[in-house]
Amino acid sequence: MRFALTALTDELRRLKTAGVKTVAVSDASIAALRETMASRAQPAVGPELKAVPPLPVAGVKPVLPTKPVTAKPSPVPTLPAPPTLTLPDGGKQIRWDALLALVQNDPVCRAHVRPGKKVVLGVGHLDAKIMFVGEAPGAEEEVQGEPFVGPAGQLLTKMIQGMGLKRSDVYIGNIMNWRPELPTSANGEQYGNRPPTEEEMCYCLPYLRAQIEVVAPALLVALGTTAAQGLLGFGSFKALGDIRGRWAEFAGKPLMVTYHPSYILRNQSNRSKRMIWEDLLKVMELGALPISDRQRGFFLDK
Ligand code: URA
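Every chain's residues receive numbers from 1 upward, in the order its sequence appears when written. This being a predicted model, a pLDDT of at least 70 is required before a residue's local features are given, and a value of 80 or more before pairs of side-chain atoms are given or counted; all residues contribute to the totals for chains, interfaces and linings. Heavy atoms throughout the structure, all of them, feed into the side-chain values; hydrogens and water do not.

Novice: Hey, could you go over the overall build of the protein for me, with residue numbers and the actual values?
Specialist: Along its length, the protein carries 12 helices and six strands. The classification of residues rests on relative accessible area computed with a 1.4 Å probe and restricted to protein chains. Under 20% of the type maximum is buried, over 50% is exposed, and intermediate values are partly exposed. Across the 302 residues of the protein, 48% fall into the buried class. Reported accessibility uses the Shrake-Rupley method at a 1.4 Å probe radius. Residues are deemed covered only where the shown protein chains occlude them. For the protein, the accessible area works out to roughly 15,100 Å², and carbon and sulfur atoms hold 56% of it. Helix and strand assignments come from DSSP, with helices taken as H or I runs of at least 4 residues and strands as E runs of at least 2, each series counted from the N terminus.

Okay, here's the thing in structure tokens:
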């Protein structure tokens, strides 16, 4: 209950900061809130996981809470051993298409995707120099079957443009190929996201490794704690702040760890933006991208 109310007040605060003055609440949302309130009287049957549905706002596309639900997820079924993937010989497109077919037909991935939603593989240029790696699909991603198409994705696209590139110049993948499940509401929708478990990430990692093998980027960028944990290993660092902005290595590629774009959505200060930007300047340097004085000066104002 506490998590649900925190998510609700966070979302209302976020909307207020964004200048939204009125919030229209649908009958369905009111019913869902009533249901949540009513369940308060029930004895607890497990960890509190329900995130509050985003409130529909007149003229504003609902944005799901970007803050991950940190409550312990309900026990995730034990997954089988990660798949061993064999790709055909041939060019990058042939190999990537085969990989897409493998992930889309993977029974474990399919079993974790709710009806009408999609398993998600990476997207982008197969000759990209730079590969960004995020955490897991969210609500928009599992509908469109493409990573980073929601609010965090739109910000990532802006960051890429700030680097003087187009989104289609780079490759964007995730540690996970499905949206980590939370209990669905009465209408069958999932509200809110949770970080994947170590077991879930281990299961999906071969798909990411295969994408790295096919695309063969010059360097990787891990976005956020979960991506960094997935690539560097759980327990390999205490706090993201300890390792961000420094080059690490994964699959023989230089790996820059930086914050997830959703961190900026929650902390809109130039200081936060500058921290990510400095990491991206290092990526541009290693990737031999031209850097103008203007780009070097982004977000320096307090
Ligand atoms: N956040 C991620 O880490 N990946 C996505 O695809 C979308 C949001």
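Moving on, there is more to tell.
Novice: Now, about the site of the ligand: what can you tell me, with residues and values included?
Specialist: Here a residue is considered near a molecule or strand provided that any single heavy atom belonging to it is located within 4 Å of it. Looking at the ligand, the residues that line it are Gly134, Glu135, Ala136, Glu141, Pro147, Phe148, Asn174 and His260. At a separation of 2.9 Å, an oxygen atom of the ligand approaches a polar backbone atom of Phe148. Its free accessible area being 230 Å², the ligand has 91% of it covered by the protein chains. In protein, a polar contact requires one atom able to donate a hydrogen and another able to accept it; more generally it is a pair of N or O atoms within 3.5 Å, and residues adjacent in sequence count only if both atoms are side-chain atoms.

Novice: I'd like to hear about the packing of helix 3 (residues 92-105) against helix 7 (residues 198-215), residue by residue, with values.
Specialist: Only the contacting stretch of a helix is used when fitting its axis, a line to C-alpha atoms as for every element, and angles between N-to-C directions run 0 to 180 degrees. Packing of helix 3 against helix 7 brings their axes to within 9 Å, and their N-to-C directions diverge by 170°. Classified by the interaxial angle, the pair formed by helix 3 and helix 7 is roughly antiparallel. Contacts from Lys92, Arg95, Trp96, Leu99, Leu102 and Val103 of helix 3 reach helix 7 at Tyr207, Ala210, Gln211, Glu213, Val214 and Val215. Here the term charged refers only to Asp, Glu, Lys and Arg, the term nonpolar to Ala, Val, Leu, Ile, Met, Phe, Trp, Tyr, Cys and Pro, and the term polar to all other amino acids, Gly among them. Residues belonging to the contact of helix 3 with helix 7 are distributed by class as follows: eight nonpolar, one polar and three charged. Roughly parallel here means an angle under 35 degrees, roughly antiparallel means over 145, roughly perpendicular means 65 to 115, and every remaining angle is called oblique. Whether two residues are in contact is decided by their heavy atoms, any of which lying within 4.5 Å being enough.

Novice: Break down the packing of helix 7 against helix 8 (residues 224-232) for me, citing the residues and quoting the values.
Specialist: Helix 8 packs onto helix 7 with a crossing angle of 80° between their chain directions and a minimal axis gap of 10 Å. In this view, helix 7 runs roughly perpendicular relative to helix 8, as classed from their interaxial angle. For the pair formed by helix 7 and helix 8, the contact residues are Met201, Leu205 and Leu208 on the first element and Thr226, Gln229, Gly230 and Leu231 on the second. A class-by-class count of the residues in the contact of helix 7 with helix 8 yields four nonpolar, three polar and no charged.

Novice: Could you give an account of the pairing of strand 5 (residues 247-250), with specific residues and numbers?
Specialist: Direction of pairing for strand 5 relative to strand 6 (residues 253-258): antiparallel, over a ladder of four bridges. Looking at the pairing, Ala248 lines up with Leu255 of strand 6. For two strands to count as paired, DSSP must find a minimum of two bridges between them.

Novice: Lay out the pattern of salt bridges in plain terms, naming residues and giving numbers.
Specialist: The working definition used for a salt bridge is a side-chain nitrogen of Lys or Arg within 4 Å of a carboxyl oxygen of Asp or Glu. Under the counting rule described, the total for this entry stands at 12 salt bridges. A salt bridge links Glu213 to Arg95; the nearest nitrogen and oxygen atoms lie 3.0 Å apart. Remark: Arg95 occurs in helix 3 and Glu213 occurs in helix 7; sequence separation between them is 118 residues. Residue Glu213 is classed as exposed on the basis of its relative accessible area of 54%.

Novice: An account of helix 6 (residues 151-162) is requested, with residue identities and associated values reported.
Specialist: How far a helix is expected to stretch is found by multiplying one less than its residue total by 1.5 Å. When the terminal C-alpha atoms of helix 6 are compared, their 17 Å separation across 12 residues agrees well with the 16 Å that a helix rising 1.5 Å per residue should span. For helix 6, the full list of buried residues reads Ala152, Gly153, Leu155, Leu156, Thr157, Met159, Ile160 and Gly162. Its buried side turned inward, helix 6 meets strand 2 (130-134), strand 3 (171-174), strand 4 (219-223), helix 10 (261-266), helix 11 (270-286) and helix 12 (293-296).

Novice: Give me the lowdown on the pairing of strand 6, citing residues and values where you can.
Specialist: Counting buried positions along strand 6 gives five out of six residues, so the element sits mostly inside the fold. In this sheet, strand 6 lies alongside strand 4 in parallel orientation, the contact comprising four bridges. Bridge pairing links Ala222 to Val257 in strand 6. Linking two consecutive strands that pair antiparallel, namely strand 5 and strand 6, is a turn of two residues; a positive phi of about 50° is found at Ala251 within it.

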